[in-house]
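A closer look at the structure
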Amino acid sequence: MKSIFDEVSFECSRNVTKSYSTSFSAAVRMLAPSIRQDIYNIYGFVRFADEIVDSFHDYNKDELFDLFENNLALSLKHKISLNPILNSFQHTVLKYNIPIELINAFMKSMKLDLTKTVYKTDEEYKEYIFGSADVVGLMCLKVFVKGDDAKYEELKHSAMRLGSAFQKVNFLRDLKADFEDLSRTYFPGTDLNKLDEVSKLKIIAEIEADFEAGYAGIVGLPLEAKFGVYTAYIYYKKLLSKLKNTPSSEIKNTRIRVSDYQKYGLFAKCYFSYKLNII
């Protein structure tokens, strides 16, 4: 029975989320059970695409990505895939009528990582951020609002800005790996060989503006989603705070993280804020 295969597929998506990101996995567990699995399904899909372009250096990435892209198209056409991650994802896409334009934009940005290493203009940078992050926020928003198109349109801008904030924090946190290991420079007009405090603080100010716009949308989310998204927001805000307080020279040489002890404190704070209706 396909229901058994679907459950196996869903378990794969849950395992991918838990294995690759303990922080995001913890935030997803704060979502209502009615929507939790679908966010796992989205994360599993975007993580596998990202892994192809970022990690599989001993293999032909172009061939792997083309295979993944073709199998994605077939899964959406036939409503099934023998790839459990794609089988899970197509289930969520069809369930919430996630626009194909969002998926195509995501795949376009991922494919750029196979060949493009420098983003020289704001236009190039914004296009990449839109495809790699903003549309993921919109996919999740489709799940959060459960088909309420009016609510989706109301929160769309904030969801995109929050997705941008998360992605830019990741860029700053992973500066060393992106620049030294993958030869990528995402921030236009910034010489990462000579990253100074002025350049760092300019990037952080941009991210803080994204967070402010994103928070306005969190307040308007349905109850099933609000606590989980707020938890992710608080975690990334803490990470940004640590980056802000870290000298630019150190950011280039190490990967800044939030300790497990600090995470537990943040999650407790989020819980009480939620229960006291502070958000």
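Structure: above.
Our subject in this report is the structure included herewith. Note that the coordinates shown come from a computational prediction; the quantities given were computed from them, not determined experimentally.

**Observations regarding the overall build of the chain**
Looking only at helices and strands, the chain has 13 helices and 0 strands in total. Counting helices and strands in the order they occur from the N terminus, the chain gives α-α-α-α-α-α-α-α-α-α-α-α-α. For the C-alpha atoms alone, the extent of the chain along its principal axes is close to 60 × 50 × 35 Å. Taking all 279 residues of the chain together, 51% fall into the buried category. The long-range share in the chain, meaning contacts at least 24 apart out of those at least 6 apart in sequence, stands at 70%. Summed over its atoms, the accessible surface of the chain is roughly 13600 Å², and 55% of this surface lies on carbon and sulfur atoms. A distance of 5 Å separates the average location of the 38 positive side-chain charges in the chain from that of its 37 negative side-chain charges.

**Description of the packing of helix α4 (residues 61-78) against helix α5 (residues 84-96)**
Two numbers describe how α4 lies on α5: the axes approach to 9 Å, and their chain directions differ by 45°. One way to sum up the angle between α4 and α5 is to call them oblique. Crossing hand, α4 versus α5: right-handed. In this structure, α4 uses Phe68, Asn71, Leu72, Ser75 and Leu76 to contact α5, whose residues at the interface are Leu86, Phe89, Gln90 and Val93. Classifying every residue of the contact of α4 with α5 gives 6 nonpolar, 3 polar and no charged.

**Focus: the side chain of Asp174**
Tracing the chain through its elements places Asp174 in the loop between α8 (149-173) and α9 (175-181). Since its relative accessible area comes to 17%, Asp174 is described here as buried. Only 3.0 Å separates the side chain of Asp174 from the side chain of Arg173, close enough to count as a polar contact.

**A closer look at the nonpolar core**
Membership of the largest hydrophobic core comes to 77 residues, with the highest contact counts inside it found for Ile42, Phe45, Ile103, Phe106, Met139, Phe144 and Phe211. Beyond its immediate sequence surroundings of up to four residues, Phe211 is in contact with Leu162, Ala165, Phe166, Val169, Tyr233, Tyr236, Lys237 and Leu240.

**Here's the deal with the packing of aromatic side chains**
Applying the stated criterion across every chain, the model contains 17 aromatic pairs. Between Phe45 and Phe68, the aromatic rings sit 5.9 Å apart at their centres with planes inclined by 15°, giving stacked as the arrangement. Pair noted here: Phe45 is in helix α3 (residues 33-54) and Phe68 is in helix α4, with a separation of 23 residues, a long-range link. Grouped by ring-pair contacts, the aromatic residues Phe166, Phe211, Tyr215, Tyr230, Tyr233, Tyr235 and Tyr236 constitute a single cluster.

**Looking at a nonpolar patch on the surface**
On the surface, Met1, Ile4 and Val8 cluster together into a nonpolar patch covering about 360 Å² of accessible area. Position of Val8 relative to the elements: it lies in helix α1 (residues 2-20).

**As for the packing of helix α10 (residues 197-219) against helix α11 (residues 223-244)**
Two elements in contact, α10 and α11, have axes separated by 11 Å at closest approach and are oriented at 165°. Relative to α11, the element α10 lies roughly antiparallel. Every pair of crossing elements has a handedness; the one defined by α10 and α11 is left-handed. Along its contact with α10, which presents Lys200, Leu201, Ile204, Ile207, Glu208, Phe211, Tyr215, Ile218 and Val219, the element α11 presents Lys226, Val229, Tyr230, Tyr233, Tyr236, Lys237, Leu240, Leu243 and Lys244.

Parameters at a glance
The residue numbers shown here count from 1 along each chain, following its written sequence. Where local features are concerned, this predicted model is filtered to residues with pLDDT of at least 70; where side-chain atom pairs are given and counted, the filter is 80 or more; whole-chain, interface and lining totals use all residues. Only hydrogens and water are set aside; all other atoms, that is, all heavy atoms of the structure, feed into the side-chain values. For the purposes of this entry, the term helix denotes a DSSP run of H or I that reaches at least four residues, the term strand denotes a run of E that reaches at least two, and both are numbered from the N terminus. Residue exposure (1.4 Å probe, protein chains only): buried if accessible area is under 20% of the type maximum, exposed if over 50%, otherwise partly exposed. For this analysis, residues touch if any pair of their heavy atoms sits within 4.5 Å. Per-residue and other accessible areas follow the Shrake-Rupley method at a 1.4 Å probe size, with only the shown protein chains counted as cover for residues. Residues scored as positive are Lys and Arg, those scored as negative are Asp and Glu, and His as well as the terminal groups of each chain are ignored. For charged residues, the charge sits on one atom: NZ in Lys, CZ in Arg, CG in Asp, CD in Glu. With axes taken as lines fitted to C-alpha atoms, and helix axes fitted only over the stretch in contact, angles between N-to-C directions fall between 0 and 180 degrees. For this classification, under 35 degrees means roughly parallel, over 145 means roughly antiparallel, 65 to 115 means roughly perpendicular, and everything else is oblique. Less than a right angle of anticlockwise turn of the near helix away from the far helix marks a crossing as left-handed, whereas a clockwise turn marks it as right-handed. Polar here means any residue other than Ala, Val, Leu, Ile, Met, Phe, Trp, Tyr, Cys and Pro, which are nonpolar, and Asp, Glu, Lys and Arg, which are charged; Gly is therefore polar. The term polar contact refers here to a pair of N or O atoms within 3.5 Å; inside protein, the definition further demands a hydrogen-donor-capable atom paired with an acceptor-capable atom, and it admits residues adjacent in sequence only when both atoms are side-chain atoms. In this description, a nonpolar core means a group of buried Ala, Val, Leu, Ile, Met, Phe, Trp, Tyr and Cys residues linked to one another through side-chain atoms lying within 4.5 Å. The pairing test for Phe, Tyr and Trp rings, Trp by its six-membered ring, is centres within 6.5 Å, and the orientation test on the planes gives stacked under 30 degrees, edge-to-face over 60, and tilted for anything in between. The patch calculation keeps residues exceeding 30% relative accessible area without a salt bridge and links them within 9 Å when they carry like charges or within 5 Å when they are nonpolar (Val, Leu, Ile, Met, Phe, Trp, Tyr). Think of a salt bridge as a Lys or Arg side-chain nitrogen and an Asp or Glu carboxyl oxygen that are within 4 Å of each other.

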